[in-house]
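Summary of structural features
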Amino acid sequence: MQNLTINAERLWDSLMETARIGGTAKGGICRLTLTDLDRQVRDWFRSACEAAGCEVTVDELGNMFARRPGKDPSLPPIAMGSHLDTQPTGGKFDGVLGVLAGLEVIRSLNDAGYETNAPIEVVNWTNEEGSRFAPAMLASGVFAGAFDRPFADSREDREGKRFGEELERIGYRGSEKCGERKIGAFFELHIEQGPILEDERKEVGVVTGVQGMRWYEVTVTGFESHAGTTPMHLRRDALVGAARMVEAINGVALAHAPLAVSTVGLMEVRPNSRNILPGEVFFSIDLRHPDDVVLAEMEGEVKAVIARIAGEMKLDAAVADIWNSPAVHFDPACVGAVRAAAEDFGYSHRDIVSGAGHDAAYISRVAPTAMVFVPCEKGISHNESEKIEPDQAAAGANVLLRAVLAYDKAMADRAA
Ligand code: GLV
Ligand code: MN
Ligand code: MN
């Protein structure tokens with residue numbers, strides 16, 4: 001096990017090959033979940049896993065599990081993975097790196113003829129991003145019991161298309177019940193998506209947990225009227241109200257600096273005509289903090305400022321709570337395996353809490369879990385210019401490989 005490493009060139013080639021599926025002119029990927037492009041990358045992944053000798057199972061939420069057998073079929077598999085869906089202006093590595101590095105680990109084990117004790121699996125979780133169907137991490141959430149299948153199936157995109165119907169349309173509704181499958185441990189490699197590792201010149205992040213995150217949807221209702229004839233003091237302009245709310249929501253995070261963040265990233269104005277006062281505005285809110293107590297305070301403050309501004313401006317404002325993903329602390333043994341693997345390779349590393357959401361956050365509810373981070377250029381992510389170097393991808397995949405093998409050995413030693 002000591003000398004095993006992944007094949008850096010093959011991993012990079014797979015990343016670049018799949019990046020063409022939904023590739024954008026600016027060098028990113030637009031591969032929204034359950035679109036035809038998602039089907040194409042899933043087909044690619046299934047064939048690649050089968051060519052590597054794996055058996056691929058798809059569950060009822062479209063989660064894909066590719067299994068390489070171990071010596072002891074009675075042991076639950078050690079799983080690796082992440083997601084192949086992207087943001088509308090996504091980069092080439094968010095999610096994809098974790099799935100293809102898992103595939104590369106399996107290919108490398110094949111090359112070396114290495115037999116693990118437990119089966120090894122690589123997983124593609126459906127709809128991690130949540131940008132088409134909110135909330136994020138939807139199918140790993142169902143797997144872990146945070147949501148149920150009817151909830152997932154009923155999620156609608158902004159055009160009114162449903163998750164369940166789109167899953168069937170692309171042919172990825174499997175028969176295995178979601179969550180029925182046992183997982184012995186889960187390891188997810190991901191780019192950091194922030195600037196800390198690069199700033200501190202660390203090659204690897206040993207991820208100890210994920211911060212808490214909550215999503216809301218706000219509908220502000222005013223009154224549509226003529227832009228030329230409605231005096232300023234008689235207006236009920238939903239967009240002016242929403243603008244004040246956006247500023248105030250930003251202020252809530254600033255008041256809880258430096259760890260709090262708040263974002264309004266999606267807004268729709270109705271009827272969206274240049275000479276009608278906006279009668280209705282719909283917008284999303286994303287609040288995050290590593291401490292759930294502070295996050296709950298932020299929620300209270302956000303709801304209070306929205307109500308106050310709506311009252312002052314004679315508007316209605318309805319706030320819907322649509323997601324609450326509490327802060328997560330990963331399993332000490334899995335985190336230890338990641339740290340030891342980074343040390344074995346001599347990679348500089350530090351412990352880090354993830355600011356981004358990941359499928360690992362939900363899977364940690366049902367299996368011992370940890371994550372590996374590698375830096376990305378300037379910390380830029382959720383952006384088509386997201387960039388890492390081939391040796392950074394390889395470092396992450398090597399740590400993934402060795403953490404999985406160390407965990408496999410420890411599990412077998414315990415069972416013996
Ligand atoms: C997932 O991509 C997130 O929003 O952190
Ligand atoms: Mn991701
Ligand atoms: Mn993402």
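See the structure shown above.
Residues numbered from 1 in each chain as written. Chains lettered and ligands numbered in written order. Predicted model: local features only at pLDDT ≥ 70, side-chain atom pairs only at ≥ 80, totals over all residues. Heavy atoms only, no water.

1. A closer look at the overall build of the protein
A tally of regular secondary structure across the protein gives twelve helices and 14 strands. The globule rule puts the C-alpha radius of gyration for 416 residues at 22 Å, and the 23 Å found for the protein is close to it. Reported as C-alpha extents along the three principal axes, the dimensions of the protein are approximately 80 × 45 × 40 Å. Within the protein, the fraction of its 416 residues that count as buried is 55%. (Helix = DSSP H or I, 4+ residues; strand = E, 2+ residues; numbered from the N terminus. Rg over C-alpha atoms; globule rule 2.2 N^0.38 Å. Buried < 20%, exposed > 50% of the residue type's maximum accessible area, 1.4 Å probe, protein only.)

2. Side note on the coordination of the manganese ion (ligand 3)
Distances from the manganese ion (ligand 3) to its protein donors, namely Asp-94 (OD), Glu-129 (OE), Glu-129 (OE) and His-382 (NE2), fall within the range 2.1 to 2.4 Å. Within one chain, the residues serving as donors to the manganese ion (ligand 3) are arranged as D-x34-E-x252-H. Separation of the manganese ion (ligand 3) from the manganese ion (ligand 2) amounts to 3.6 Å, with Asp-94 serving as a shared donor to the pair. Residue Glu-129 is located in the loop between strand S4 (120-124) and helix H4 (138-143), and its partner His-382 is located in the loop between strand S14 (369-374) and helix H12 (390-415); the two are separated by 253 residues in the primary sequence. (Donors = N, O, S within 2.8 Å, 3.2 Å for Na, K, Ca; no water.)

3. Points about the coordination of the manganese ion (ligand 2)
Those protein atoms acting as donors to the manganese ion (ligand 2) are His-83 (NE2), Asp-94 (OD) and His-190 (NE2), and they sit at 2.0 to 2.3 Å. Ordering the donors of the manganese ion (ligand 2) by residue number gives the pattern H-x10-D-x95-H.

4. Quick word on the site of ligand 1
As a matter of local geometry, ligand 1 sits amid Glu-128, Glu-129, Arg-288, Ala-356, Gly-357 and His-382. With respect to ligand 1, the side chain of Glu-129 contributes an N or O atom lying 3.0 Å from an oxygen atom. Within the side chain of Arg-288, a nitrogen or oxygen atom sits 2.7 Å from an oxygen atom of ligand 1. Protein burial of ligand 1: of its 200 Å² of free accessible surface, 94% is covered by the chains. Taken together, the residues that form the shell around ligand 1 break down as one nonpolar, two polar and three charged. (Near = heavy atom within 4 Å. Polar contact = N/O pair within 3.5 Å; in protein donor to acceptor, adjacent residues only side chain to side chain. Areas by Shrake-Rupley, 256 points an atom, 1.4 Å probe, with all protein chains shown as cover. Nonpolar A, V, L, I, M, F, W, Y, C, P; charged D, E, K, R; others polar.)

5. Focus on helix H3 (residues 96-112)
With 17 residues, H3 should cover 24 Å at 1.5 Å per step; its first-to-last C-alpha distance of 24 Å lies within 8% of that length. Where burial is concerned, most of H3 is hidden: 14 out of the 17 residues are buried. Just downstream of H3, Gly-113 is the residue with a positive phi angle, here 60 degrees. (Expected span 1.5 Å × (residues − 1).)

6. Considering the packing of helix H1 (residues 8-19) against H3
Between H1 and H3, the shortest axis-to-axis distance is 9 Å and the interhelical angle comes to 140 degrees. One way to sum up the angle between H1 and H3 is to call them oblique. Note on packing geometry: the crossing formed by H1 with H3 is right-handed. Taking contact as the criterion, the partners of Arg-10, Leu-11, Ser-14, Leu-15 and Thr-18 in H1 are, on H3, Val-96, Leu-97, Leu-100, Ala-101, Glu-104, Arg-107, Ser-108 and Asp-111. (Axes fitted to C-alpha atoms, helices over the stretch in contact; angles between N-to-C directions. Parallel < 35°, antiparallel > 145°, perpendicular 65-115°, else oblique. Left-handed = near helix turned anticlockwise from the far one by under 90°. Contact = heavy atoms within 4.5 Å.)

7. Quick look at helix H2 (residues 36-51)
Between its first and last C-alpha atoms H2 spans 23 Å; for 16 residues at 1.5 Å apiece the expected length is 22 Å, and the two agree. Listed in full, the buried residues belonging to H2 are Asp-38, Val-41, Arg-42, Trp-44, Phe-45, Ala-48 and Cys-49. The arc that holds the buried residues of H2, viewed along the axis, is 160 degrees, so those residues lie on one side. Gly-53 sits one or two positions beyond H2 and adopts a positive phi of about 85 degrees. (Arc of directions from axis to C-beta.)

8. A look at unusual backbone geometry
Note the cis peptide between Ala-257 and Pro-258, where omega equals 5 degrees. Considering the arrangement of structural elements, one finds Pro-258 in the loop between helix H8 (238-255) and strand S8 (261-263). You will see that Asn-127, though not glycine, has its phi angle at about 50 degrees, which is positive. Structurally, Asn-127 can be placed in the loop between S4 and H4. The phi angle at Met-137 is positive, at roughly 55 degrees, despite the residue not being glycine.

9. What to know about the pattern of salt bridges
Counted according to the given criterion, the structure contains 31 salt bridges. Among the salt bridges present, the one from Arg-10 reaches Glu-104, with a minimum N-O distance of 2.8 Å. Taken together, the positions of Arg-10 in helix H1 and Glu-104 in helix H3 put the pair 94 residues apart, joining distant regions of the chain. Note on Arg-10: relative accessible area 22%, which makes it partly exposed. A salt bridge links Arg-10 to Asp-111; the nearest nitrogen and oxygen atoms lie 2.9 Å apart. Taken as a pair, Arg-10 in helix H1 and Asp-111 in helix H3 lie far apart in primary sequence, 101 residues in all. Accessibility expressed as a relative area gives 55% for Asp-111, which makes it exposed. Among the charged side chains, a network of salt bridges with common partners joins Asp-36, Arg-39, Arg-132, Asp-157, Glu-166 and Arg-169. (Salt bridge = Lys/Arg side-chain N within 4 Å of Asp/Glu carboxyl O.)

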